[in-house]
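Remarks on the overall topology
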Amino acid sequence: ETRPIAGTRRRGKDAREGYVNMDIRKTSGVDVVWDLNKLPYSFKKEQFEEILAYNVLEHLENPCSVLEELHRILKSGGVLKITVPHFSSWTAWQDPTHKRPFGYDSFAYFSEDTTKHFCGLKDQEHFFQFKFSKIKRKLIFSKGLHLWNYFIEPFANAFPYLWEHTFLKNLFP
């Protein structure tokens, strides 16, 4: 039986039933204790149908190598769901364990069809030996007391390059 794998930086607080929950420390709900910087992982090729990497990649030394390893253990047709902080977010820089933030096109470099993305890779070879067949991106804004983010989020997703490449990202990070 193949169960999906979940990795979160919430120290086991987001353990999911039916998943192989991984973290760097053994806490409640963690099935596999592993430093994700240490490659390769102890899983078979194409073992998982779904992999969740929520708030993980920004903590790692080499996220490109980690993505290659996740690609290896993900079944063909499987789904990899990633959440990372955007470079304009204060949360990207507040946490001293963050190694790097990400931009709207950061994951386009790992896509089969780079011509669909604005990352400047049209008609160029891929930088990596592996590639994902599709990517879907969404900018998610924290809400809470920032009521304007309820209006800014749909705008930013409708016009991500206008938002990311102008003063708007500074006004509404």
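Everything discussed here concerns the structure shown above.
Here we summarise the structure given alongside this text. (Residues numbered from 1 in each chain as written. Predicted model: local features only at pLDDT ≥ 70, side-chain atom pairs only at ≥ 80, totals over all residues. Heavy atoms only, no water.)

Concerning helix H3 (residues 149-158)
Using the following cut-off: The rule is simple: take the accessible area with a 1.4 Å probe, protein chains only, and divide by the maximum for that residue type; under 20% is buried, over 50% is exposed, in between is partly exposed. Only DSSP runs of H or I covering at least 4 residues are called helices, and only runs of E covering at least 2 are called strands; the numbering of each starts at the N terminus. Relevant arc is that of directions from the helix axis to the C-beta atoms, nothing else.
Of the residues making up H3, those classed as buried are Asn149, Ile152, Glu153 and Ala156. Seen from one end, H3 has its buried residues packed into an arc of 105°, which puts them on one side.

Regarding the pairing of strand S4 (residues 48-54)
Heads up, the condition is: Here, strands pair whenever DSSP counts at least two bridges between them. Crossover handedness is defined here as right-handed if the route from the first strand over the helix to the second strand goes clockwise, with the strands pointing away from the viewer.
The buried fraction of S4 amounts to six of the seven residues, a majority that puts the element mostly inside the structure. Pairing of S4 with strand S5 (residues 74-83), which is carried by six bridges, proceeds in the parallel orientation. Looking at S5, one finds that Ala53 is bridged to Ile82. In this view, the connection linking S4 to its parallel neighbour S5 by way of helix H1 (residues 63-73) has right-handed handedness.

Notes on a nonpolar patch on the surface
For clarity, the cut-off: Patch rule: a residue counts if its relative accessible area is over 30% and it has no salt bridge; like charges are joined within 9 Å, and nonpolar side chains (Val, Leu, Ile, Met, Phe, Trp, Tyr) within 5 Å. A 1.4 Å probe and the Shrake-Rupley method give the accessible areas. Residues count as covered only by the protein chains that appear here. The salt bridge criterion pairs a side-chain nitrogen of Lys or Arg with a carboxyl oxygen of Asp or Glu, the two atoms within 4 Å.
There is a patch of nonpolar side chains on the surface, built from Leu147, Tyr150 and Phe151 and spanning about 390 Å² of accessible area. In this fold, Tyr150 is placed in helix H3.

Observations concerning H1
Note on helix geometry: an α-helix contains 3.6 residues per turn, so any two residues three or four positions apart are oriented the same way. Going by this rule: Working rule for contacts: check all heavy atoms of both residues, and any pair within 4.5 Å makes them a contact.
Turning to H1, its buried residues are Pro63, Val66, Leu67, Glu69, Leu70 and Ile73. Along the long axis of H1, the arc covered by the buried residues comes to 160°, so they all point the same way. At its buried positions, H1 is contacted by S4 and S5.

Observations regarding the side chain of Ser106
As a reminder of what qualifies: For this analysis, a polar contact is any N or O atom pair within 3.5 Å, provided that within protein one partner can donate a hydrogen and the other can accept it, and provided that sequence-adjacent residues contribute only side-chain to side-chain pairs.
Locating Ser106 in the fold gives a position in the loop between helix H2 (90-94) and H3. Among the polar contacts listed, one links the side chain of Ser106 to the backbone nitrogen of Gly103, at a separation of 2.8 Å.

Functional significance is not addressed by these values, which are geometric in nature.
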